[in-house]
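# Tertiary structure, described
Here are the chains, one letter per residue:
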Amino acid sequence: MITKSATRSLEPEDVLMHCQQPNNSSSTSECRNCESEHTSLGHLQPYTSEYPQNLKIGSQFFRQSDAQSPEGEQVYDRSLESNNQSTAQYITRSLEPEHTSGDHIQPCASSMTARKQSSRSENMDLDRLKTCNLSKTTLKDKEIRAKKTKVRLLSDIYDATKDEVLEKSTCHFATETESDISIFAAIIEGDNYDTAPILTFKQALKSKEKDNWVAAIKSEFSALQKNHTWTLVPRPCHANVITCKWLFTKKYDALGTPVRFKARLVARGFSQIPGVDYHETFSPTLKITALRLILAITAYLNLELHHVDVETTFLHGDLEEDIYMEQPQMLDNNIDPNYVCKLNKPLYGLKQSPRQWYAKFHRFLLSIKFQQLQSEPNIYIRKTKTEFLLLGVYVDDLPIAGTSEDLVMEFIAELRQQFPIKHLGPLEHFLGIHVKRNRTLGTLSLSQENFVDNILTKFDMFECSPISTPLTVPCKLSSEDSPHTTEETYFMKNIPYRQVLGSIRYLVSCTRPDLSFATGYLSRFMENPGVNHWKALKRVLRYLKYTRDMTLTYTSYSKAQHSNIQGWLSTPLHGWTDADWGGDKDTSRSTSGYVFLFAGGAISWRTKKQATVALSSTEAEYIAATLTTKEGLWLKSIIDELAILKISEFKLWCDNQSCIKITKDPKITEQNKHIRARHHFISELLEESNLSIGHTSTQTMWADFLTKPVPNAKHWSCCHHIGLSIHPNR
């Protein structure tokens, strides 16, 4: 529990403190410096040692090396990045039981003695430990009441003066318990104060980048007026009037450099009334798998690839309901408060805005002779006898692939006549994915190195020791590793387990199939993660460090290897399917995995725990093959609808002979009569000759690392054969 006491000026002794006395004494003594009663752990003295690394600052955790010392204890990397900021940090660390020694201290708080008899002091009141301001106050002014809690207090002052630290200070308190150790951590931010995200209109006008934000506000407001987004009308008596706010963001390039300041006025759609202010809201979005297929086709056929961004996208839709909104904050306040904005166009934040934009853009594309695919409604194609144009629609981002530069530029000119757009040139950065093309070698590579760096930096693992596999072999985690005691729960309460997994899962969905099993496996314990789960997740971060420059590469076709079928360029579509029978320790369920290759690289992959318990490895493989077949049919339907390529062979590869025999000859036996009927549709496809299935050995099963942890050699063999690679100097 932390409470406020009388404030006083900050003294040097308040900042640099360290316990020098052992804790084997049972008596209390009077402190010479502050004349208050202390525990037997002794008084605080100036501390000059280095920082250990199992540190928590606010909600951020510094990395802890997984290397082991000869004695079996954890070895800590003592490098702590200060980023040359004017920062004061008050830090304590969590120690394992074997690290427990006599130099742990309790805080100086005379009120602790008076409360020793209180039953409420048995446990720490964590609900009271919330973010608080430390402006013009000191660390000693916060009393920490915790019975039998040992804390090591470490701190460091950089180049900032005392006044600078106090003027720009924000303190975050958190406590946790593991064994007999409690963590108390606080950070005072210095120069980072002015680089914090802009959250309000007033903050934007007071920031160091005020001129940039003012220009962004004027640009956005000008666009709203140009589009006649609203009309000022007297406030209606019985209508629902929603509110609005400004959002401020920075746009970054592929290298993470800010290139644009963006201010956007958004409506607070949560105040809309269903059935009155909106009706339908659904709007389709381009699947990331379909985007990879477009990029793979672009590389395979050596097409031109460009990127267009539609400005003020949602303002171009047509609003069907009468919606009233409060007037926005502006640089000048000469606004009549008795008037409100009657919206003529959808605004960002309205629940129906995405749907209205998609409907209008869809009608425009159909009017200029584009055809929409039934299998993927966000892919459009326009063809002539000799040329074609391929378009993907991801809200306002449009990747455009065409057989010639002139054809692409002609379409961009048509777009510009209808909508305000930005032609960003050849596609280089899309949804956080860096696209690198080598026309000489005929390759197109996808990577997210900058996104990986952001993850490692955010969770203080950028300087961690890299490792070449994401999980240990074997890795048998279960719910038994979840916290079972109050102390374990306290320790894991503020561990950023979900945040780390969520960040990595976006990598998996875009360019990193090598992390598919690790993230899926660790996500099973997201509800109640334990220390072992957290250690496994930190290993994944170390693997990210090792593979930060991992690329997924597609290649162009070779005329010597691919023949024409009746004038069409043909290509095979192959998928690998695998299952790990009974691999889940808690439920005994199996894990399915598949990967599809096109143009030399993976275009679709998935790891999924099966919904039922398989009674044999054959049944587990059969269920996985059914899941793989459904995905393969969807990919094939997209390629068939495009009608620019012919699938010469649609084939699945499986390493289980019994599974292959069941698919080719689905006889009802005692061993398979219980298998659900929906899994048998793969046999019907084989009879219709739309699909073939073949046997491959375990050594050439490239989906193997999607179902379980595999050794280093097998892991990198799978990566290599599905188009993943890292820098050749590794």
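Now for a description of the structure that goes with this document. All of these numbers come straight from a predicted model, not from anything done at the bench.

Per the counting criterion, the structure on display carries 19 aromatic pairs. For the ring pair Phe361 and Phe419, a centre distance of 5.8 Å and an interplane angle of 55° mean the geometry is tilted. Taken as a pair, Phe361 in helix 7 (residues 353–367) and Phe419 in the loop between helix 8 (405–418) and strand 24 (421–426) lie far apart in primary sequence, 58 residues in all. Per residue, the accessibility class of Phe361 equals that of Phe419, and both read buried. Put simply, the rings of Trp357, Phe361, Phe364 and Phe419 pair up and form one aromatic cluster. One residue, Arg264, lies across the ring of Tyr348, its end atom 3.8 Å from the ring centre. A cation sits over an aromatic face here: Arg292 above Trp605, 4.0 Å from the ring centre.

Below, the discussion takes up the pairing of strand 22 (residues 388–392). Most of strand 22 sits inside the fold, with 5 of its 5 residues counted as buried. Neither face of strand 22 is left uncovered, since the one carrying Phe388, Leu390 and Gly392 and the one carrying Leu389 and Leu391 both have all their residues buried. Where strand 21 (residues 379–383) and strand 22 come together, 5 bridges link them in antiparallel fashion. In the strand pairing of strand 22, Ile381 is matched with Leu390. Connecting strand 21 to the next strand, strand 22, in antiparallel fashion are 4 residues. One ladder, built from 3 bridges, connects strand 22 with strand 23 (residues 397–402); its direction is antiparallel. The residue bridging Leu390 from the neighbouring strand is Ala401, located in strand 23. Counted along the chain from strand 22 to the antiparallel partner strand 23, the turn is 4 residues long, and its residue Val395 has a positive phi close to 55°.

What follows is about the packing of helix 14 (residues 617–642) against helix 15 (residues 657–664). Interaxial distance between helix 14 and helix 15 falls to 8 Å at its minimum, and their mutual angle equals 60°. Of the possible angle classes, the one that applies to helix 14 and helix 15 is oblique. In the crossing of helix 14 with helix 15, the sense of the turn from one axis to the other is right-handed. From helix 14, Thr618, Glu621, Tyr622 and Ala625 reach across to helix 15, where they touch Ser658, Cys659, Ile662 and Thr663. Taken together, the residues that form the contact of helix 14 with helix 15 break down as 4 nonpolar, 3 polar and 1 charged.

Evaluation of the coordinates by the stated rule reveals 19 salt bridges. Residue Arg548 pairs with Asp453 through a salt bridge whose shortest N-O separation is 2.6 Å. Remark: Asp453 occurs in helix 9 (residues 449–458) and Arg548 occurs in the loop between helix 13 (531–546) and strand 28 (551–555); sequence separation between them is 95 residues. Using a relative accessible area of 22% as the deciding quantity, one classes Arg548 as partly exposed. Residue Asp578 pairs with Lys708 through a salt bridge whose shortest N-O separation is 3.6 Å. With Asp578 in strand 30 (residues 568–580) and Lys708 in the loop between strand 34 (692–695) and helix 17 (712–721), this pair connects stretches of sequence that are 130 residues apart.

Conventions and cut-offs
- Residues numbered from 1 in each chain as written.
- Predicted model: local features only at pLDDT ≥ 70, side-chain atom pairs only at ≥ 80, totals over all residues.
- Heavy atoms only, no water.
- Phe/Tyr/Trp six-rings, centres within 6.5 Å; stacked < 30°, edge-to-face > 60°.
- Helix = DSSP H or I, 4+ residues; strand = E, 2+ residues; numbered from the N terminus.
- Buried < 20%, exposed > 50% of the residue type's maximum accessible area, 1.4 Å probe, protein only.
- Lys NZ or Arg CZ within 6 Å of the ring centre and 35° of its normal.
- Pairing = 2+ DSSP bridges.
- Axes fitted to C-alpha atoms, helices over the stretch in contact; angles between N-to-C directions.
- Parallel < 35°, antiparallel > 145°, perpendicular 65-115°, else oblique.
- Left-handed = near helix turned anticlockwise from the far one by under 90°.
- Contact = heavy atoms within 4.5 Å.
- Nonpolar A, V, L, I, M, F, W, Y, C, P; charged D, E, K, R; others polar.
- Salt bridge = Lys/Arg side-chain N within 4 Å of Asp/Glu carboxyl O.

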